[in-house]
Amino acid sequence: MEKYPGKKKIAIFISGRGSNLKSLIKSSKRKNSLFKIILVISNNLDAPGLKYATKSKIKKFGIRYKSRSYFESQSIKILKRYKIDLLCLAGFMKILSGSFIKKFSKPILNIHPSLLPKYKGLNTHLRAIKNKDKFAGASVHKVNQRLDSGKIILQKKIKILKKDNIKSLKRKVLVIEHEIYPKAIVKFLTNL
Ligand code: GRF
């Protein structure tokens, strides 16, 4: 018997604060949610975000990042054991190898704090301000072997105001991240 009939089983990888994890947990608790968060894995054993898993009685695993292959082989075992359908990266600050993506064989999504394809990688807000961009935003995309380059599932943009600095922009973009990640998952799952 399926334990969660009709719901896709999601695992989340985090590295730190976990505010996106928190928003995904909130959305997964809605009555008609299409997904259930089964477990959280962090490469950082002290990640503050792990507390949200504890609070919501979601299984959590801290896997020391001794090496990429160590972290990935331990994670794959867990993902397979729990028959995970979709992996969501939420503030996960490591790059997954092509071999992990292949072995896992299920889709992987990521949230990135820029309007991709602009500003792949780090320091997105700094670059947007330096370039005097009019807009910033966030993107949810599929993960492939190239950094922040997979198919875009959902994006939202906001205006960069004259008075904005890195801190204020980060804060505004984070609000958007929390809004679009659950929506992007639903969009993705309903288009599978
Ligand atoms: C987010 O801005 C995410 O897009 C980026 O790192 C930050 C993580 O925030 N990759 P949190 O851990 O979800 O609070």
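All residue numbers here refer to positions counted from 1 along the written sequence of the relevant chain. Only residues with pLDDT of at least 70 get local features here, since the model is predicted, and only at 80 or more are side-chain atom pairs given and counted; chain-wide, interface and lining totals rely on the full set of residues. Where side-chain values are given, they derive from all heavy atoms of the structure, hydrogens and water being excluded.

**Considering the nonpolar core**
Part 1: We define the nonpolar core as a collection of buried residues of types Ala, Val, Leu, Ile, Met, Phe, Trp, Tyr and Cys that are connected through side-chain atoms lying within 4.5 Å of one another. Accessible area is worked out with a 1.4 Å probe on protein chains only. A residue is then buried under 20% of its type maximum, exposed over 50%, and partly exposed in between. Counting 36 residues, the largest nonpolar core has Ile-12, Ile-14, Leu-86, Leu-109, Val-140, Tyr-181 and Ile-185 as the members making the most contacts within it.
Part 2: Here a strand is any run of E in DSSP of at least two residues, a helix any run of H or I of at least four, and the numbering for each starts at the N terminus. In terms of residues, this core owes the most to one element, helix α6 (residues 166-190), which gives nine residues.
Part 3: Among the nonpolar cores identified, the runner-up in size contains 21 residues, and Ile-63, Leu-79, Leu-96 and Ile-108 belong to it.

**Comments concerning the packing of aromatic side chains**
Part 1: Pairs were defined over the aromatic rings of Phe, Tyr and Trp, the Trp ring being its six-membered one, requiring ring centres within 6.5 Å. Orientation was assigned from the angle between planes: stacked under 30 degrees, edge-to-face over 60, tilted for the rest. Counted according to the given criterion, the structure contains seven aromatic pairs.
Part 2: Where Phe-13 meets Phe-71, the ring centres are 5.7 Å apart and the plane angle is 80 degrees; that geometry is what we call edge-to-face. In this pair, Phe-13 sits in strand β1 (residues 8-14) while Phe-71 sits in helix α3 (residues 68-81), placing the two residues 58 residues apart along the sequence. Each member of the pair, Phe-13 as well as Phe-71, carries the same accessibility label: buried.
Part 3: Taking 6.2 Å as the distance between ring centres and 55 degrees as the angle between the ring planes, the aromatic pair formed by Phe-13 and Phe-100 counts as tilted. Of the two residues, Phe-13 sits in strand β1 while Phe-100 sits in helix α4 (residues 98-104), which places them 87 residues apart along the sequence. Pair check on accessibility: Phe-13 and Phe-100 agree, each one buried.
Part 4: Each residue in the set Phe-13, Tyr-65, Phe-71, Phe-92, Phe-100 and Phe-104 is aromatic and connected to the rest through ring pairs, giving one cluster.
Part 5: Each ring is checked for a lysine NZ or an arginine CZ that lies within 6 Å of its centre and within 35 degrees of its normal; such an atom marks a charge sitting over the ring. Here Lys-94 stacks its cationic end above the ring of Tyr-65, 4.3 Å away from the centre of that ring.
Part 6: The ring centre of Phe-135 lies 4.3 Å from the NZ or CZ of Lys-157, which sits over that ring.

**Things to note about the site of the ligand**
Part 1: We call a residue near a molecule or strand as soon as one heavy atom of that residue lies within 4 Å of the molecule or strand. As a structural note, the neighbourhood of the ligand is formed by Arg-17, Gly-18, Ser-19, Asn-20, Gly-91, Ile-111, Pro-113 and Glu-177.
Part 2: Nitrogen and oxygen atoms within 3.5 Å of one another constitute a polar contact, given that in protein one can donate a hydrogen and the other can accept it, and given that sequence-neighbouring residues count only through two side-chain atoms. Contacts to the ligand include Arg-17, whose side-chain N or O atom sits 2.6 Å from an oxygen atom.
Part 3: Between an oxygen atom of the ligand and a side-chain N or O atom of Glu-177, the distance comes to 2.7 Å.
Part 4: Exposure was quantified through the Shrake-Rupley algorithm and a 1.4 Å probe, taking into account, for residues, occlusion by the shown protein chains and nothing else. The fraction of the free accessible surface of the ligand (360 Å²) that becomes covered by protein chains is 85%.
Part 5: Residues were grouped as follows: Ala, Val, Leu, Ile, Met, Phe, Trp, Tyr, Cys and Pro as nonpolar; Asp, Glu, Lys and Arg as charged; and all remaining residues, including Gly, as polar. Here the residues of the shell around the ligand are counted per class, giving two nonpolar, four polar and two charged.

**Quick word on α3**
Part 1: Expected helix span is given by 1.5 Å per residue-to-residue step, counting one fewer step than there are residues. Over its 14 residues, α3 extends 20 Å from the first C-alpha to the last, a length consistent with the 20 Å expected when each residue adds 1.5 Å.
Part 2: Among the residues of α3, those classed as buried are Phe-71, Glu-72, Ser-75, Ile-76, Ile-78 and Leu-79. Buried positions in α3, seen along its axis, are confined to an arc of 165 degrees and lie on one side of it. Set apart from the buried face of α3 by more than 90 degrees, the exposed residues are Ser-69, Lys-77 and Arg-81. Taken from the helix axis, the directions to the C-beta atoms give the arc we talk about.

**Some remarks on the pattern of salt bridges**
Part 1: Definition used for salt bridges: Asp or Glu carboxyl oxygen within 4 Å of a side-chain nitrogen of Lys or Arg. Going through the model one piece at a time under the given rule, you end up with four salt bridges.
Part 2: Among the ionic pairs, Lys-118 bridges to Asp-133, the shortest N-O distance being 3.3 Å. Separated by 15 residues along the polypeptide, Lys-118 in the loop between β5 (108-112) and α5 (124-130) and Asp-133 in the loop between α5 and β6 (135-142) bring together distant segments of the chain.
Part 3: Since its relative accessible area comes to 42%, Lys-118 is described here as partly exposed.
Part 4: Assessed through its relative accessible area of 13%, Asp-133 is described here as buried.
Part 5: A salt bridge links Lys-156 to Glu-179, with the nearest nitrogen and oxygen atoms 2.9 Å apart. Taken as a pair, Lys-156 in strand β7 (residues 152-159) and Glu-179 in helix α6 lie far apart in primary sequence, 23 residues in all.
Part 6: On the accessibility criterion, Lys-156 (32% relative accessible area) is partly exposed.
Part 7: Overall, the relative accessible area of 30% leaves Glu-179 in the partly exposed class.
Part 8: A single network of salt bridges, built from pairs that share partners, joins Lys-156, Glu-179 and Lys-183.

Honestly, it's all geometry; don't read function into it.
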